[in-house]
Amino acid sequence: MGEVDPAFIQDQEHRPRSSIIEAENIPVIDLSPLNTQEAGDSTSDSSSSIHGLVKEIGSACKEWGFFQVINHGVSLDTRQRMEAASRKFFAQSLEEKRKVSRDDKGRLGYYDAEHTQNIRDWKEVFDSLVQDPTLVPLSHEEDDDQVTHWTNQWPQYPPDLREASQAYVQEMEKLAYKLMELIALSLGLPVKRFHGFFKIQTSFARLNRYPPCACPNLALGVGRHKDAGVLTILAEDDVAGLEVKRKSDGEWVLVKPTPNAFVINVGDIIQVWSNNMFESVEHRAILNSEKERLSVPFFFNPAHYAIIEPLEELINEQNPPKYRPYNWGKFLTNRKHTSFKKLNVENLQVYDFKVPQE
Ligand SMILES: O=C(O)CCC(=O)C(=O)O
Ligand SMILES: [Fe+2]
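The structure reproduced in this document is the subject of the present report. (Residues numbered from 1 in each chain as written. Chains lettered and ligands numbered in written order. Predicted model: local features only at pLDDT ≥ 70, side-chain atom pairs only at ≥ 80, totals over all residues. Heavy atoms only, no water.)

**Some thoughts on the environment of V28**
Argument step 1. Topologically, V28 is positioned in strand β2 (residues 28-30).
Argument step 2. For V28, a relative accessible area of 40% corresponds to the partly exposed category.
Argument step 3. Sequence separation between V28 and I57 is 29 residues, and the spatial gap between their C-alpha atoms is 9.8 Å.
Argument step 4. Beyond its immediate sequence surroundings of up to four residues, V28 is in contact with E56, Q68 and I70. (Helix = DSSP H or I, 4+ residues; strand = E, 2+ residues; numbered from the N terminus. Buried < 20%, exposed > 50% of the residue type's maximum accessible area, 1.4 Å probe, protein only. Contact = heavy atoms within 4.5 Å.)

**As for the sheet that holds β2**
Argument step 1. Pairing is mixed in the open sheet, where eight strands are placed in the order β2-β3-β15-β12-β17-β10-β7-β4. Lying at the two open borders of the sheet, with one neighbouring strand each, are β2 and β4 (110-111). (Pairing = 2+ DSSP bridges.)

**Quick look at the site of ligand 1**
Argument step 1. All residues in the neighbourhood of ligand 1 are listed as N208, Y210, H225, D227, L234, L242, H283, R293, S295, P297 and F299.
Argument step 2. The side chain of S295 places a nitrogen or oxygen atom 2.7 Å from an oxygen atom of ligand 1.
Argument step 3. A per-element tally of the shell around ligand 1 places strand β17 (residues 293-300) first, with four residues. (Near = heavy atom within 4 Å. Polar contact = N/O pair within 3.5 Å; in protein donor to acceptor, adjacent residues only side chain to side chain.)

**Overview of helix α5 (residues 161-186)**
Every α-helical turn comprises 3.6 residues, leaving residues that sit three or four positions apart pointing alike.
Argument step 1. Between its first and last C-alpha, α5 extends 36 Å over 26 residues, near the 38 Å set by a 1.5 Å rise per residue.
Argument step 2. Trailing α5 by a residue or two, G188 shows a phi angle of about 75°, which is positive. (Expected span 1.5 Å × (residues − 1).)

**Re the nonpolar core**
Argument step 1. L179, I183, F194, F262 and W273 are the most contacted members of the largest nonpolar core, which totals 75 residues.
Argument step 2. Considering each element in turn, this core owes the most residues, 13 residues, to α5.
Argument step 3. If we skip the residues at most four places from it in the chain, F262 touches F67, Q68, V69, H72, V74, R79, Y168, M172, L175, I233, L234 and A235.
Argument step 4. By size, the runner-up hydrophobic cluster in this structure holds ten residues, among which are I26, L234, V253 and V281. (Core = buried A, V, L, I, M, F, W, Y, C linked by side-chain atoms within 4.5 Å.)

**Some words on the coordination of the iron ion (ligand 2)**
Argument step 1. Around the iron ion (ligand 2), the protein contributes the donor atoms H225 (NE2), D227 (OD) and H283 (NE2), at 2.1 to 2.2 Å from the metal centre.
Argument step 2. The sequence pattern formed by the donor residues of the iron ion (ligand 2) is H-x1-D-x55-H. (Donors = N, O, S within 2.8 Å, 3.2 Å for Na, K, Ca; no water.)

**Side note on unusual backbone geometry**
Argument step 1. A cis geometry characterises the amide bond from D132 onward to P133, with omega recorded as 0°.
Argument step 2. Along the chain, P133 falls in the loop between β7 (124-129) and β8 (134-137).
Argument step 3. Note that the residue after Y157, namely P158, is joined by a cis bond; omega there is -5°.
Argument step 4. Look at N71: it is not a glycine, yet its phi comes out positive at around 50°.
Argument step 5. Tracing the chain through its elements places N71 in the loop between β3 (66-70) and α3 (76-90).
Argument step 6. A positive phi is found at Q117, a non-glycine position, where the angle reads about 50°.
Argument step 7. Tracing the backbone shows Q117 in the loop between β5 (115-116) and β6 (119-120).
Argument step 8. The buried category is assigned to Q117, whose relative accessible area is 17%.

**Focus: the pattern of salt bridges**
It is possible for side chains bearing opposite charge to pair when their charged atoms get close.
Argument step 1. Summed over all chains, the structure comprises 24 salt bridges.
Argument step 2. Among the ionic pairs, R87 bridges to D237, the shortest N-O distance being 3.1 Å. Separated by 150 residues along the polypeptide, R87 in helix α3 and D237 in the loop between β12 (231-236) and β13 (242-245) bring together distant segments of the chain.
Argument step 3. Residue K245 is joined to E282 by a salt bridge in which the shortest nitrogen-to-oxygen separation is 3.6 Å. (Salt bridge = Lys/Arg side-chain N within 4 Å of Asp/Glu carboxyl O.)

**Here's the deal with the pairing of β12**
Argument step 1. Where burial is concerned, most of β12 is hidden: six out of the six residues are buried.
Argument step 2. As defined by bridge partners, β12 adjoins strand β15 (residues 262-266) across four bridges and the pair is classed as antiparallel. Within β15, the residue paired with T232 across the bridge is N265.
Argument step 3. Pairing geometry for β12 and β17, over six bridges, is antiparallel. Its bridge partner lying in β17, E236 is registered against S295.

**A word on the packing of helix α2 (residues 47-63) against α5**
Argument step 1. Following both chains from N to C, one finds α2 and α5 inclined at 85°, their axes separated by 8 Å at the closest point. In terms of orientation, α2 and α5 fall into the roughly perpendicular class. Counted together, L53, V54, I57, G58 and C61 of α2 and L179, L182, I183, L185 and S186 of α5 form the full contact between these two elements.
Argument step 2. Taken together, the residues that form the contact of α2 with α5 break down as eight nonpolar, two polar and no charged. (Axes fitted to C-alpha atoms, helices over the stretch in contact; angles between N-to-C directions. Parallel < 35°, antiparallel > 145°, perpendicular 65-115°, else oblique. Nonpolar A, V, L, I, M, F, W, Y, C, P; charged D, E, K, R; others polar.)

**Some thoughts on the packing of aromatic side chains**
Argument step 1. This structure, assessed with the given rule, holds 16 aromatic pairs.
Argument step 2. Ring geometry for F197 and W273: centres 4.4 Å apart, planes at 40°, overall tilted. A residue pair is termed long-range when its members are at least 10 positions apart, and F197 in the loop between α5 and β10 (204-210) and W273 in helix α6 (residues 268-273) qualify at 76 residues.
Argument step 3. Look at W273 and you get buried, because its relative accessible area is 1%.
Argument step 4. Ring pairing ties together the aromatic residues F89, F90, Y110, F126 and W154, which thus form one cluster.
Argument step 5. The ring of Y111 has R102 sitting right over it, with the charged end atom 4.2 Å from the ring centre.
Argument step 6. One Lys or Arg, R284, reaches over the ring of W252 and ends 4.2 Å from the middle of that ring. (Phe/Tyr/Trp six-rings, centres within 6.5 Å; stacked < 30°, edge-to-face > 60°. Lys NZ or Arg CZ within 6 Å of the ring centre and 35° of its normal.)

As structure tokens, then:
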């Protein structure tokens, strides 16, 4: 990825701004009350701090769709091992990395030509599934109900990438469940309302490396998009790059990395489940002309057969469902299909399942 190939160049309106706005007020939420208490337990003294936390999470989801968490219980060692193994993997030659290339037969792994909204991203990635193998629909075609499975591929080097990833995603899963409990409570639902959706999962972890770019004003590390799943937990290094489209005024604002924090965002599925109470927000990654940047998102997703629709407890006559039900596996395979190559169509969005309102 030496010089800027036209495939990477964003349309004028989607290019990074020359003056960057830092998001001073993206909420930073301290999860330490959870370390002593389960979210649903109302019998103890700390229930009022849990109550405060639930309110904070609820307003962050409503006003930003994004927040950061600190004192989250994920061990620093696990995170650092993951990051160190990622850097070693990416530091190899392209030829070595391509030995574990992602392919259209359902093998996850390395990929350096992903497109978002039909423009190539200035990045390389390595994907691995939480459940190996993971069952998914064979194709994105609506009338095809055959299933297949996706599997992980691990490189020879570094030898500990597999173990580091597995330890990491285990901790991510724990954190994701805790966050989903808080989100359930903030929507007035039973604490474990969402747990059943994740017995079988299509969750995966991604390593993103954004190489330095000679023209950071023309290309993007990841083009503007919304995450399609339930929840994303992002670890980033100390190079800033994540920009979020601020709900209050539609401006792109840069999230300042907080050491050892995770950035959390609501995905499209929470938007649908909550019937738009919590909206999934557009974001993108900008580039740096000198420094590379590493980020590790964990995408928490339900089973392929999950039917996504507004939760019945949250709809009524005054607030009718804003979406018709859709199948998650088909949505996921459709997205994978469109991110493999440049197609001249807009990719599938939850918007496509919107019920027309009078
Ligand atoms: O690297 C980042 O900051 C954002 C990555 C992202 O949004 C994604 O991979 O979905
Ligand atoms: Fe994303």
